[in-house]
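Reading the structure
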Amino acid sequence: RLFITADPNKPSRIYYSNPFLPHFIQQTTNLDYMDINPDDGDQIMGIPIQLEKMVCIKKNTIRKVHVTSAVSVADPPTWYADDPIAWIGSPAQWSITQTPNGVVFLGWDHWYLFDGASAQPVFDEFDTGDILEANFSDVVGFWHKENFISAYTDKTSATQTHNRMLVYN
């Protein structure tokens, strides 16, 4: 199955494809989606996998989503999301990055590592106050050859494009 999110009209919805047909999602004829606490007024920013579980990172919370095997034909109504396990989220959807040590993401005040149980601050040397507030949601993260790399717009220059990189090993 393929799981996707970021529907601007349904910010708490995860759509999924039919088994063995990742290119086919019946958005209108079937109910091939699950809503993750749609009444909380929050928006899903990413759905990475950590320790073989889907993690739903919203702007203000993190919760695990329990889905049977992605290739099984088990009944999707049995799928469910836990209550929030962390009251930390991410305003920057492109910053959410799967790494061998966990999921790294930019929070509202710090970079965090979610290891499957909790979210802990990382990169103490980096001050998120250096990021231009207007471009905070556009920060990008990437894992490459044992390095975490991020691109952002520096507050002092206030350019229209990312002009700084964070490289962390």
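Our structure's up above, just so we're on the same page.
Attention in this report is confined to the structure presented alongside it. (Residues numbered from 1 in each chain as written. Predicted model: local features only at pLDDT ≥ 70, side-chain atom pairs only at ≥ 80, totals over all residues. Heavy atoms only, no water.)

Let's shift gears to the overall build of the chain. What the chain contains, in helices and strands, is zero helices and 15 strands. For 169 residues, the compact-globule estimate of 2.2 N^0.38 gives 15 Å, and the C-alpha radius of gyration of the chain, at 17 Å, lies within 12% of that figure. Along the first, second and third principal axes, the C-alpha atoms of the chain reach 50 × 30 × 30 Å. Burial status across the chain gives 43% buried among its 169 residues. (Helix = DSSP H or I, 4+ residues; strand = E, 2+ residues; numbered from the N terminus. Rg over C-alpha atoms; globule rule 2.2 N^0.38 Å. Buried < 20%, exposed > 50% of the residue type's maximum accessible area, 1.4 Å probe, protein only.)

It is worth spelling out the sheet that holds strand E15 (residues 164-168) at this point. In spatial order, the strands read E13-E14-E15; together these three strands make up an open sheet with antiparallel pairing. Across the chains shown, the open sheet's two edge strands, defined by having one partner strand only, are strand E13 (140-144) and E15. Strand-to-strand twist across the sheet, computed as the mean angle between neighbouring axes with direction ignored, equals 20°. Bridge count between strand E14 (residues 147-152) and E15: five bridges; the pairing is antiparallel. (Pairing = 2+ DSSP bridges. Axes fitted to C-alpha atoms, helices over the stretch in contact; angles between N-to-C directions.)

What follows is about the environment of Val103. You can see Val103 is positioned in strand E10 (residues 102-106). As for Val103 and Gly116, which are separated by 13 residues in sequence, their C-alpha atoms are 8.3 Å apart.

A word on the packing of aromatic side chains. With the rule as written, the count across this model stands at 10 aromatic pairs. Pairing Phe3 with Trp79 gives two aromatic rings, centres 5.9 Å apart and planes at 50°, and the pair type is tilted. Here Phe3 is found in strand E1 (residues 3-4), whereas its partner Trp79 is found in the loop between strand E7 (62-66) and strand E8 (80-81), with 76 residues between them in sequence. A relative accessible area of 7% places Trp79 in the buried class. Put simply, the rings of Trp111, Phe123, Phe148 and Tyr168 touch in pairs and so form one group of aromatic residues. (Phe/Tyr/Trp six-rings, centres within 6.5 Å; stacked < 30°, edge-to-face > 60°.)

Strand order in this open sheet of four strands is E9-E10-E11-E12, and the pairing throughout is antiparallel. Two strands close off the open sheet at either side, each with one partner strand: strand E9 (97-99) and strand E12 (119-122). Strand-to-strand twist of the sheet, defined as the mean angle between neighbouring strand axes without regard to direction, takes the value 30°.

On to the pairing of E7, then. Extensive coverage of E7 is indicated by the burial of four of its five residues. Where strand E6 (residues 53-58) and E7 come together, four bridges link them in antiparallel fashion. Paired with Ile57 across the strands is Ile62, a residue of E7. What sits between the antiparallel neighbours E6 and E7 is a turn of three residues.

Here we take up the environment of Thr78. You can see Thr78 is positioned in the loop between E7 and E8. Spatially, the C-alpha atom of Thr78 lies 8.0 Å from that of Val67, the residues being 11 residues apart in sequence.

Even without a glycine there, the phi angle at Ala6 is positive, about 90°. Within the secondary structure, Ala6 sits in the loop between E1 and strand E2 (13-16). Exposure remark for Ala6: the relative accessible area of 46% places this residue in the partly exposed category. Positive phi, normally seen in glycine, also occurs at Asn37, with a value near 45°. Mapped onto the elements, Asn37 comes out in the loop between strand E3 (33-35) and strand E4 (44-46). The class for Asn37 is partly exposed, based on a relative accessible area of 36%.

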